[in-house]
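# Breakdown of the fold
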Amino acid sequence: MAAGPMKMRASLGTGFTDVRVLMTHPMETGLRKDADGKIVPQHFIQNLTVKVNGKTVIDAEISQAVSRNPVFSFRLKGGAKGDKIEVSWLDNHGESAAIETAVT
Amino acid sequence: MKALAFGAALAVSCVALGQDVSKEIQRYRQMVAEGSPAELFELQGEELWKKPHGPKNVSLERCDLGEGPGVLKGAYAHLPRYFKDADRVMDLETRLLYCMTTLQGRSREEATARVFGSADRASEFELLSAYVAGQSRGVAIQPRMSHPQEKASYELGRTLFFHRVGPWDFSCASCHGEEGKRIRMQDLPVLYKPQYARPVMATWPAYRVSTSQFVTLQWRMNDCYRQMRTPEPTFGSETTVALIHFLTVTARGETYQGPGSKR
């Protein structure tokens, strides 16, 4: 399955930047059965990377415990208008997607 | 006397507990609304809207949703309405189907083969509804009520809302006609009253967290009738459109907030 869209917002506060990112992913746990009673194989995001102006600030390992179509939000220290935020994920099938946006 | 006092204390603590739970649910809904995956469906809907399809291999970009061909801004907030070309009142999904059959040259059978999707694959109507509805964010809900057919559609919807049908003798009002009712933890809005219809209609269609699906108003009507155990209503039928028209008119004046999220 081709990776679906992602969406991100990064807004500047006083001394911090709030980032919220939405991603399309089935996040299959490997425990669910389909209509034919067969196990739906595990398919979930394993790594989530956040870069600010090219420098990695978050390198997260997440599991199948996270819901389908996950949303992540986090607060970064500092930041300035126009800073480039990049978020990318890599799943257990080796598929990946990325998005970048400028802080507003 | 002592027993009575104890009873009263118990009643008070139950009420407090109920308020806590409903406050927590409120907080949960707030969090879900802030990061609603509905936006992901809007993006996919936009792509689909612009993609050539059908025997004529054209996109839906010239589809007239009532504000002129291709005009999306505010179009959803002014539906349902009467369309002269089709000579009937249409809601968003019915109009989308009309554009698929006329502009794209598709058959009704083919276009409606899969009107409601799944978590793995949303339907065309779900994706397109997400995109089109998103273009009315911030616009006041003002469905048309001037043409005689529009008035008739509203009246039919109102009648259907209170009309008891099916083996269980249910009407929409059986669940949505009295204050203070709920199913499990879900409060049931009294949908013929504007103060209840307004916040509801301002956030449909919506992403449903419990099923990871984007759901539309045609789906909602279909599923309510399923729960009432009636025969399945036809997609885009006079019945479902009239009910949507009635609910939308009841909510008029409210600012449309864009595709929302449901439990």
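Because the structure is predicted, anything quoted here is derived from the model rather than measured. Throughout this description, residue numbers start from 1 for each chain and increase along the sequence as written. Chains and ligands are labelled sequentially in the order written, the chains with letters from A and the ligands with numbers from 1. Reporting in this predicted model follows two pLDDT cut-offs: at least 70 for local features of residues, and 80 or more for side-chain atom pairs to be given and counted; totals over whole chains, interfaces and linings ignore these cut-offs and use all residues.

Quick look at the overall build of chain A now. Of regular secondary structure, chain A possesses zero helices and seven strands. Its helices and strands taken in sequence order, chain A reads β-β-β-β-β-β-β from the N to the C terminus. Each principal axis of the C-alpha atoms in chain A carries an extent, and together these give about 55 × 20 × 20 Å. Counting over 104 residues, chain A shows a buried share of 19%. Taking contacts inside chain A between residues at least 6 apart in sequence as the whole, the part at least 24 apart equals 52%. For helices the rule is a DSSP run of H or I covering at least 4 residues; for strands it is a run of E covering at least 2, with both sets numbered from the N terminus onward. Any residue surrounded by 20 or more other C-beta atoms within 10 Å of its C-beta is treated as buried, while 12 or fewer makes it exposed and the intermediate range makes it partly exposed; C-beta atoms here are placed from the backbone. C-beta atoms are placed from the backbone for every residue, and two residues are taken to be in contact when these atoms lie within 7 Å.

We now examine the overall build of chain B. Within chain B one finds ten helices and seven strands. Atoms counted for the radius of gyration: C-alpha only. Globule rule: 2.2 Å times residue count to the power 0.38. Computed over the C-alpha atoms, the radius of gyration of chain B is 20 Å, within 12% of the 18 Å expected from 2.2 N^0.38 for a compact globule of 263 residues. The C-alpha extent of chain B, read off along each of the three principal axes, is 80 × 40 × 35 Å. Relative to its full complement of 263 residues, chain B shows a buried share of 35%. Excluding contacts between residues fewer than 6 apart, the proportion of contacts in chain B whose partners are at least 24 apart in sequence is 69%.

Looking now at the sheet that holds strand E6 (residues 84–91) of chain A. Note: strands within a sheet are paired through backbone hydrogen bonds, in either parallel or antiparallel orientation. Residues and elements named next belong to chain A. Reading across the sheet, the four strands line up as E4-E3-E6-E7 and stay open at both edges, with antiparallel pairing between neighbours. Edge positions in the open sheet fall to strand E4 (55–61) and strand E7 (96–102), since each of these has one partner strand only. Averaged over all pairs of adjacent strands, the angle between their axes in this sheet comes to 15 degrees, without regard to strand direction. Looking at chain direction, strand E3 (residues 45–52) and E6 are connected through seven bridges and run antiparallel. Residue pairing for E6: Ile45 is matched across the bridge by Asp91. By the convention used here, strands pair only if DSSP detects at least 2 bridges between them. Axis definition: a line fitted to C-alpha atoms, over the contacting stretch in the case of helices. Angles run 0 to 180 degrees between N-to-C directions.

All right, on to unusual backbone geometry then. All names here are of chain B. Cis peptide bonds are those with omega within 30 degrees of zero, and the linkage from Leu79 to Pro80 qualifies with -5 degrees. The omega torsion across Trp204 and Pro205 is -10 degrees, close enough to zero to call that bond cis. Although it is not a glycine, Arg229 sits at a positive phi angle of roughly 65 degrees. Relative to the elements of secondary structure, Arg229 occurs in the loop between helix H9 (217–227) and helix H10 (238–250).

Right, let's get into the interface of chain A and chain B. With eleven residues of chain A in contact, the opposing surface of chain B contributes nine residues. Of all the secondary-structure elements, those providing two or more residues to the side of chain A that touches chain B are strand E2 (16–23) and strand E5 (71–77) of chain A. When residues are grouped by polarity, Ala, Val, Leu, Ile, Met, Phe, Trp, Tyr, Cys and Pro land in nonpolar, Asp, Glu, Lys and Arg in charged, and all others, Gly among them, in polar. Class assignment for the residues of the side of chain A that touches chain B results in four nonpolar, four polar and three charged.

The next thing to look at is the confidence of the model for chain B. Close inspection of predicted coordinates is inappropriate for parts of the model with low pLDDT. All names here are of chain B. Predictor confidence is given residue by residue as pLDDT, running from a minimum of 0 to a maximum of 100. Mean pLDDT over chain B works out to 90, with 92% of the residues at or above the 70 mark. Across residues 1–14 the pLDDT falls below 50, and counting only partners more than four positions away or on other chains, this stretch makes zero contacts in the model. At the level of chain-chain contacts, confidence expressed as ipTM amounts to 0.76, with global pTM at 0.83.

With that settled, the discussion passes to the packing of helix H3 (residues 92–102) of chain B against helix H5 (residues 124–134) of chain B. All names here are of chain B. Contact pair H3 / H5: the axes reach a minimum separation of 10 Å and the direction vectors enclose 115 degrees. On the basis of their axis angle, the class for H3 and H5 is roughly perpendicular. Here H3 runs over H5; the crossing is right-handed. In this structure, H3 uses Leu92, Glu93 and Leu96 to contact H5, whose residues at the interface are Phe125, Leu128, Ser129 and Val132. Classifying every residue of the contact of H3 with H5 by side-chain character gives five nonpolar, one polar and one charged. Roughly parallel covers angles under 35 degrees, roughly antiparallel covers those over 145, roughly perpendicular covers 65 to 115, and oblique covers all other angles. Note: crossing handedness is left-handed where the near helix turns anticlockwise from the far helix by less than a right angle, and right-handed where it turns clockwise.

The next thing to look at is the environment of Ile85 of chain A. All names here are of chain A. Relative to the elements of secondary structure, Ile85 occurs in strand E6. A C-alpha to C-alpha distance of 6.4 Å links Ile85 and Asn53, two positions 32 residues apart in sequence. Not counting chain neighbours up to four residues away, the residues in contact with Ile85 comprise Met8, Ala10, Val19, Val50, Val52, Glu100, Thr101 and Val103.

A few words now on the sheet that holds strand E6 (residues 213–215) of chain B. Residue and element names in this part refer to chain B. Spatial ordering of the open sheet is given by E6-E5-E7, a layout of three strands whose pairing is mixed. Edge positions in the sheet fall to E6 and strand E7 (260–262), since each of these pairs with one other strand and no more. Strand-to-strand twist in this sheet, taken as the mean axis angle between neighbours without regard to direction, amounts to 35 degrees. Summarising the sheet, strand E5 (residues 206–208) and E6 pair through three bridges and their orientation is antiparallel.

To continue, consider the pairing of E2 of chain A. Residues and elements named next belong to chain A. Sheet topology note: the strand E1 (residues 6–12)/E2 ladder contains seven bridges and is antiparallel. Across the sheet, the residue bridging to Leu12 is Thr17, located in E2. Adjacent in sequence and paired antiparallel, E1 and E2 are bridged by three residues, among which Gly15 carries a positive phi angle near 80 degrees.

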